[in-house]
Amino acid sequence: MDIKKADCEAINIEIVKQLRPNMPESAVLNELSDFYKVMGDNTRIRLLWALEESALCVNDLAVLLNMTKSAVSHQLKILRIAKLVKSEKQGKNVYYSLNDEHVKTILEMALEHVRE
């Protein structure tokens, strides 16, 4: 077993050998970590929860969450870059919604876990 960076020997080497091929690549785990950093913000969770119910524009989100339009826009940009929300222009306004069902499922499962 090639463990170049480990400073110890495995106790259960067969289990380690079995698990190693199933470990995601570091780049994928870094992306997952970044995802949780984005999701780990109270304001962004509130925005996502509101958008789970309905597509909303910045003004409506600001009023609903008692925030400034600037603060809402800043957080929506972060959520958009993380591919958690999408935007659609309708007339003069841009409406935001969850990017896909995965985001809704993650929110619902997390809430269920917290409520247990």
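Everything below is about the structure printed above this text.
The sections below set out a description of the structure shown in this document. These figures come from a predicted structure and were not determined experimentally.

Quick look at the overall build of the protein
Stage number 1. Broken down by element type, the protein carries six helices and three strands.
Stage number 2. Taking 116 residues into account, the globule formula puts the C-alpha radius of gyration at 13 Å, and the protein, at 20 Å, lies well above it.
Stage number 3. Counting only C-alpha atoms and orienting by the principal axes, one finds that the protein spans roughly 60 × 30 × 20 Å.
Stage number 4. Residues counted as buried form 23% of the 116 residues belonging to the protein.
Stage number 5. Here the protein displays about 8,900 Å² of accessible surface, and carbon together with sulfur accounts for 53% of that area.
Stage number 6. Counting 16 positive and 17 negative side-chain charges, the protein places the averaged centre of each group 10 Å from the other.

Re unusual backbone geometry
Stage number 1. In this structure, Asn66 is a non-glycine residue whose phi angle is positive, near 55°.
Stage number 2. With respect to the helices, strands and loops of the structure, Asn66 is situated in the loop between α4 (58–65) and α5 (69–81).
Stage number 3. Of note, the phi angle at Lys83 is positive, near 65°, even though the residue is not glycine.
Stage number 4. A relative accessible area of 61% places Lys83 in the exposed class.

Overview of the side chain of Glu52
Stage number 1. Tracing the sequence through the fold places Glu52 in helix α3 (residues 42–53).
Stage number 2. Not counting residues within four places of it along the chain, the set of residues in contact with Glu52 comprises Leu98, Lys104 and Glu108.

Looking at the sheet that holds strand β3 (residues 93–98)
Stage number 1. Taking strand neighbours across the sheet as the criterion, the three strands line up as β1-β3-β2 in an open arrangement whose pairing is antiparallel. A single partner strand is all that each edge strand has here, and the edge strands are β1 (56–57) and β2 (85–90).
Stage number 2. Taken together, the two bridges between β1 and β3 define a ladder with antiparallel strand orientation. Following the sheet pairing, Leu56 is matched in β3 by Tyr96.
Stage number 3. Contacts from α3 reach β1, β2 and β3 within the one sheet, and its direction differs from that of β3 by about 95°.

Conventions we followed
- Residues numbered from 1 in each chain as written.
- Predicted model: local features only at pLDDT ≥ 70, side-chain atom pairs only at ≥ 80, totals over all residues.
- Heavy atoms only, no water.
- Helix = DSSP H or I, 4+ residues; strand = E, 2+ residues; numbered from the N terminus.
- Rg over C-alpha atoms; globule rule 2.2 N^0.38 Å.
- Buried < 20%, exposed > 50% of the residue type's maximum accessible area, 1.4 Å probe, protein only.
- Areas by Shrake-Rupley, 256 points an atom, 1.4 Å probe, with all protein chains shown as cover.
- Lys, Arg positive; Asp, Glu negative; His and termini not counted.
- Charge placed at Lys NZ, Arg CZ, Asp CG, Glu CD.
- Contact = heavy atoms within 4.5 Å.
- Pairing = 2+ DSSP bridges.
- Axes fitted to C-alpha atoms, helices over the stretch in contact; angles between N-to-C directions.

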